[in-house]
Amino acid sequence: METPIEELSFEDALKELEAIVSRLESGDAPLDQAISLYERGDKLRRRCADRLDAAQARIEAIRLDSEGRPTGTQPFAAA
């Protein structure tokens, strides 16, 4: 049984996405299975992109002082 995508960590989602890409590139999957793999891969890609966007927003929320040193963070509500 596949783990729901929303429960996967970024690292696990990326690892599964890489496995799907390898499987699709090999050409070994029958058409129906290839379509299912592609659909799951697209969802995994979106999950990874969302997690990266959230991480970038958190990084950008770090406050800097006049000399460019971090002085704190601003709350960020990740979707």
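How each quantity is defined
Residues numbered from 1 in each chain as written. Predicted model: local features only at pLDDT ≥ 70, side-chain atom pairs only at ≥ 80, totals over all residues. Heavy atoms only, no water. Core = buried A, V, L, I, M, F, W, Y, C linked by side-chain atoms within 4.5 Å. Buried < 20%, exposed > 50% of the residue type's maximum accessible area, 1.4 Å probe, protein only. Helix = DSSP H or I, 4+ residues; strand = E, 2+ residues; numbered from the N terminus. Contact = heavy atoms within 4.5 Å. Expected span 1.5 Å × (residues − 1). Arc of directions from axis to C-beta. Salt bridge = Lys/Arg side-chain N within 4 Å of Asp/Glu carboxyl O. pLDDT = per-residue confidence, 0-100.

1. Describing the nonpolar core
In this structure, Ile5, Leu8, Ala13, Leu17, Ile20, Ala29, Ala34, Leu37, Leu44 and Cys48 together form the largest nonpolar core, which totals ten residues. Taken together, the elements giving at least two residues each to this core come down to helix H1 (10-26) and helix H2 (31-60). Every residue in contact with Ile20, bar those within four places of it in the chain, is listed here: Leu37, Arg40, Gly41 and Leu44.

2. Some remarks on H1
For H1, spanning 17 residues, the distance from its first C-alpha to its last is 24 Å, which sits close to the expected 24 Å at 1.5 Å a residue. Burial in H1 covers these residues: Ala13, Leu17 and Ile20. Seen end-on, H1 carries its buried residues on one side only, within an arc spanning 60 degrees. Looking at H1, the residues exposed on the side facing more than 90 degrees away from the buried face are Glu11, Lys15 and Glu25. Packed against the buried residues of H1 are H2.

3. So, the pattern of salt bridges
Counted by the stated rule, this structure contains four salt bridges. Two residues, Arg40 and Glu2, come together in a salt bridge whose shortest N-O distance is 3.4 Å. Of this pair, Arg40 sits in helix H2 while Glu2 sits in the segment before H1, and the two are 38 residues apart along the sequence. Look at Arg40 and you get buried, because its relative accessible area is 11%.

4. What to know about the confidence of the model for the chain
Detailed reading of predicted coordinates is not advised where the pLDDT is low. Here the chain averages 86 in pLDDT, and 81% of its residues register 70 or above. Mean pLDDT in the chain bottoms out at strand E2 (residues 70-73), which sits at 66, and peaks at H1, which reaches 96.

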